[in-house]
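Read off the chains here:
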Amino acid sequence: MAAKNEAVELTFLGTRGEIGVRSRRHQRHSALLIEHGNARVMIDCGADWLGRLDGVAPTAIVLTHAHLDHAGGLVRGAPCTVYATGETLRLLRRFPILDRRRVPLKKSVAIGGLRFKAYPVQHSIRAPAVGYRVSTKAGSFFYLPDVARLPNAAQALSGIDVFIGDGATIRRSMVRVKQGTTIGHAPITGQLDWCVKAHVGHAVFTHCGSPIVRGDPRTLSAIVRELGRERNIDARLACDGDQLFLPWNRSAQETERKPDKLDRAGRAKG
Ligand SMILES: [Zn+2]
Ligand SMILES: [Zn+2]
């Protein structure tokens with residue numbers, strides 16, 4: 001059991017994908033806040049976060065790729081160090097980010113007292129994406145908001161406590177092959193199959209697509225839970241403000257959205 005000061009708190013600041021619609025539950029572009037000691041590491045900072053970072057007060061921002069629903073919040077710069085792969089930094093070279101650091105591929109680096117390892121995934125040719133395996137003394141998770149294909153899924157996800165994946169589509173594939181690369185978004189069902197291969201017991205989906213954002217939350221949540229149950233996985237959809245805790249403890253994970261936390265993080269700044 002990890003000591004108390006090693007505990008890690010994850011907050012889904014935003015859970016909306018690259019879509020035109022939004023809802024109360026999925027208001028802002030997908031972003032995750034990792035709180036650990038004094039560190040507040042934000043993964044991704046899409047256009048919905050432009051001008052709204054004061055409430056989040058990140059000590060570091062880590063990007064999965066350069067699509068604007070993940071990086072567009074930084075067009076006027078960043079209040080802290082921004083970490084991304086060399087390819088992503090190159091695509092964002094015109095953004096006035098003062099302190100930028102390159103994250104190597106498949107090599108563990110320390111950010112805010114946490115270990116990050118970037119795994120290249122197939123999603124876009126123009127904006128190559130990675131998923132992050134984040135390891136802490138309290139446990140580990142994989143954050144992969146945009147993915148069409150995850151090479152060597154069983155190895156990439158092995159031993160993690162929770163997989164945080166792409167909720168663009170539940171069953172319908174949004175994947176196509178272009179110049180030999182798989183692009184788009186793998187359905188939740190496919191990602192759950194990767195979790196089965198890697199013996200991952202918990203999966204949460206963010207980056208929600210329009211069928212989820214527009215649909216009835218109870219019905220959709222029941223569908224995703226059932227798809228998980230069929231595979232022996234505790235699966236669910238994330239909403240803005242939802243939290244997860246490491247060390248993983250089932251009862252602690254039942255906490256639903258925390259409106260006051262969300263207000264602090266985003267809405268207070270309108
Ligand atoms: Zn996206
Ligand atoms: Zn993308």
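In the block above lies the structure referred to throughout.
Rules used in this analysis
- Residues numbered from 1 in each chain as written.
- Chains lettered and ligands numbered in written order.
- Predicted model: local features only at pLDDT ≥ 70, side-chain atom pairs only at ≥ 80, totals over all residues.
- Helix = DSSP H or I, 4+ residues; strand = E, 2+ residues; numbered from the N terminus.
- Rg over C-alpha atoms; globule rule 2.2 N^0.38 Å.
- Buried ≥ 20, exposed ≤ 12 C-beta atoms within 10 Å, placed from the backbone.
- Pairing = 2+ DSSP bridges.
- Axes fitted to C-alpha atoms, helices over the stretch in contact; angles between N-to-C directions.
- Core = buried A, V, L, I, M, F, W, Y, C linked by C-beta atoms within 7 Å.
- Contact = placed C-beta atoms within 7 Å.

> Got a sec to walk through the overall build of the chain? Specific residues and values, please.
Within the chain one finds seven helices and 16 strands. Against the compact-globule benchmark of 18 Å for 270 residues, the chain has a radius of gyration of 17 Å, which places it among compact chains. Counting only C-alpha atoms and orienting by the principal axes, one finds that the chain spans roughly 50 × 50 × 35 Å. Expressed as a percentage of its 270 residues, the buried residues of the chain come to 49%.

> Lay out the pairing of strand 3 (residues 39-43) with the relevant residues and their values.
Of all five residues making up strand 3, four are buried, and the element is well covered by its neighbours. Two strands pair when backbone bridges link them, and strand 2 (residues 31-36) and strand 3 are joined in this way by five bridges, in the antiparallel orientation. Of the residues in strand 3, the one forming a bridge with His36 is Ala39. What sits between the antiparallel neighbours strand 2 and strand 3 is a turn of two residues, in which Gly37 has the positive phi angle 60 degrees. Here strand 3 runs beside strand 4 (residues 60-62); their pairing, made up of three bridges, is parallel. Its bridge partner being in strand 4, Met42 is matched across the sheet by Ile61.

> Summarise the sheet that holds strand 5 (residues 81-84); cite the residues concerned and give the values.
Hydrogen bonds between backbone groups are what pair the strands of a sheet, and the pairing can be parallel or antiparallel. Strand order across the open sheet formed by seven strands is 6-5-4-3-2-1-16, with mixed pairing between neighbours. On the outer flanks of this sheet lie strand 6 (100-102) and strand 16 (243-246), each paired with one strand and no other. Each strand of the sheet is rotated relative to its neighbour by a mean of 20 degrees, with strand direction disregarded. Bridge count for strand 1 (residues 8-14) against strand 16 is four bridges, and the pairing is antiparallel. Its bridge partner being in strand 16, Glu9 is matched across the sheet by Phe245.

> Please give an account of the nonpolar core that cites residues and values.
Ranked by internal contacts, the top residues of the largest apolar core, which has 75 residues, are Val62, Leu157 and Ala203. Looking at which element gives the most residues to this core, the answer is strand 8 (residues 114-121), with five residues. In this structure, Ala203 is in contact with Val162, Phe163, Gly165, Leu192, Cys195, Gly228, Ile233 and Ala235, ignoring residues within four places of it in sequence.

> Go over the environment of Leu33, please, and point to the residues and values.
Of note, Leu33 is situated in strand 2. Taking C-alpha positions, Leu33 is 34 Å from Gly180, a pair spaced 147 residues apart along the chain.

> Any details on the pairing of strand 2? Residues and values, ideally.
Counting buried residues along strand 2, five of its six residues qualify, which places the element largely inside the surrounding structure. The pairing of strand 1 with strand 2 spans five bridges and is classified as antiparallel. Looking at strand 2, one finds that Thr11 is bridged to Leu33.

> How would you explain helix 4 (residues 188-197) if you had to name every residue and give the values?
Looking only at helix 4, the buried set comprises Ile188, Gly190, Gln191, Leu192, Trp194 and Cys195. Along its buried surface, helix 4 packs onto helix 3 (153-157), strand 11 (162-166), strand 14 (202-206), helix 6 (217-229) and strand 15 (234-237). Where helix 4 terminates, the next one or two residues include His199, which has phi positive at roughly 55 degrees.

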